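A closer look at the structure
One letter stands for each residue in the lines below.
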Amino acid sequence: MSSPTISRRARPAYPVLLLLAPVLAAGCATTRPGVPDGAAPTPPAVWATADQPTSQSPTPTPTATDPSPPAPSSARPSATAPRTGLKHVFPVRTDNVDYHPTHGAYPGTDLFADCGEPFVAVTDGTVLEVSRVDRYRKRGPQGPDNGGLSVSLLGDDGVRYYGSHLSVVSSGVDVGVRVRAGQQLGKVGRTGNANNVCHVHFGISPACTGKDGWWIRRGVIWPARYLDSWRRGGNREPAAEVIAWQRKHGCPKAP
């Protein structure tokens, strides 16, 4: 594989971390089949996954760092067609972030930043899945619990945006809650199989109906070109690529 370029803003510590990217990618990518994928008969709904504890709250509680109050909550994402032209923002709100355009074994991106930096909603949408318990064990199954503390958001563009290895999930960020682009969802951490390095694993995927699989949630298309755009203040939208991927692959029942 040729040497990829690295998107960054200068900070001496993170080039060292990027040398660890293959190690971290190997950890994030460690998989083992064993979680069946059941299909639900009705389109899109909010669900709890078997491997991720979730909770619901009828009213979101914005944190002090939220740029604006969230829209009214909803127990189900909208069943209308995905919207285009939505605002998209970079998922970690700090200047000091480094990331690599590739990842081990499957599409995804590790965003290296200091623990405690805000992880935010990429676009307007509905919180789809939340894990506030780190159940990862090195001797346990590799795959279902790799992300540790995590949040996934179903954007109004029909795309799921997933962030894991968080140190905390923000209060009020619960399944079914409506959030806006830039609203804080949690903080950068090193839970799960983060190998004790502060970062967020970021994945883009379709939200398959019914009981979903971690092998889809972790990411199915390469995020780097979208991250590059959002970081520059652009608004490149991944919906078309995600829709094309799902038309080709459906919702795989195993990695």
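Residues numbered from 1 in each chain as written. Predicted model: local features only at pLDDT ≥ 70, side-chain atom pairs only at ≥ 80, totals over all residues. Heavy atoms only, no water.

Where an unreviewed UniProt entry is consulted, the chain appears under the name Murein DD-endopeptidase MepM/ murein hydrolase activator NlpD, with the organism given as Micromonospora ureilytica.

**Some points on the side chain of Gln184**
Tracing the sequence through the fold places Gln184 in strand S10 (residues 184-187). Residue classification places Gln184 among the buried residues on the basis of a relative accessible area of 4%. Of note is the side chain of Gln184, whose polar atom sits 3.3 Å from the backbone oxygen of Gly186. (Helix = DSSP H or I, 4+ residues; strand = E, 2+ residues; numbered from the N terminus. Buried < 20%, exposed > 50% of the residue type's maximum accessible area, 1.4 Å probe, protein only. Polar contact = N/O pair within 3.5 Å; in protein donor to acceptor, adjacent residues only side chain to side chain.)

**Thoughts on the pattern of salt bridges**
As enumerated under the stated definition, the model contains 6 salt bridges in all. A salt bridge links Glu129 to Arg217; the nearest nitrogen and oxygen atoms lie 3.4 Å apart. Of this pair, Glu129 sits in strand S5 (residues 125-131) while Arg217 sits in helix H3 (residues 214-217), and the two are 88 residues apart along the sequence. Note that Glu241 and Arg225 form a salt bridge whose closest N and O atoms lie 3.1 Å from each other. In this pair, Glu241 sits in helix H5 (residues 239-249) while Arg225 sits in helix H4 (residues 224-231), placing the two residues 16 residues apart along the sequence. (Salt bridge = Lys/Arg side-chain N within 4 Å of Asp/Glu carboxyl O.)

**Quick notes on the packing of aromatic side chains**
On inspection of all chains with the given rule, the structure shows 6 aromatic pairs. Between the aromatic rings of Phe90 and Tyr99, the centroid separation amounts to 5.8 Å while the plane-to-plane angle is 40°, which identifies the pairing as tilted. Summarising the burial analysis for this pair, Phe90 and Tyr99 share the class buried. Both rings, one in Tyr226 and one in Trp230, keep their centres 6.3 Å apart while their planes meet at 35°; by these two values the pair is tilted. Separated by 4 residues within a single helix, Tyr226 and Trp230 lie in helix H4, roughly one turn from each other. Given a relative accessible area of 2%, Tyr226 falls into the buried group. Assessed through its relative accessible area of 4%, Trp230 is described here as buried. (Phe/Tyr/Trp six-rings, centres within 6.5 Å; stacked < 30°, edge-to-face > 60°.)

**As for unusual backbone geometry**
Unusually for a residue other than glycine, Ala105 sits at a positive phi of about 75°. Within the secondary structure, Ala105 is located in the loop between strand S2 (98-99) and strand S3 (109-112). With a phi angle near 70°, His165 is a residue other than glycine that sits in the positive phi range. Looking at the element boundaries, His165 is found in strand S7 (residues 159-166). For His165, a relative accessible area of 1% corresponds to the buried category.

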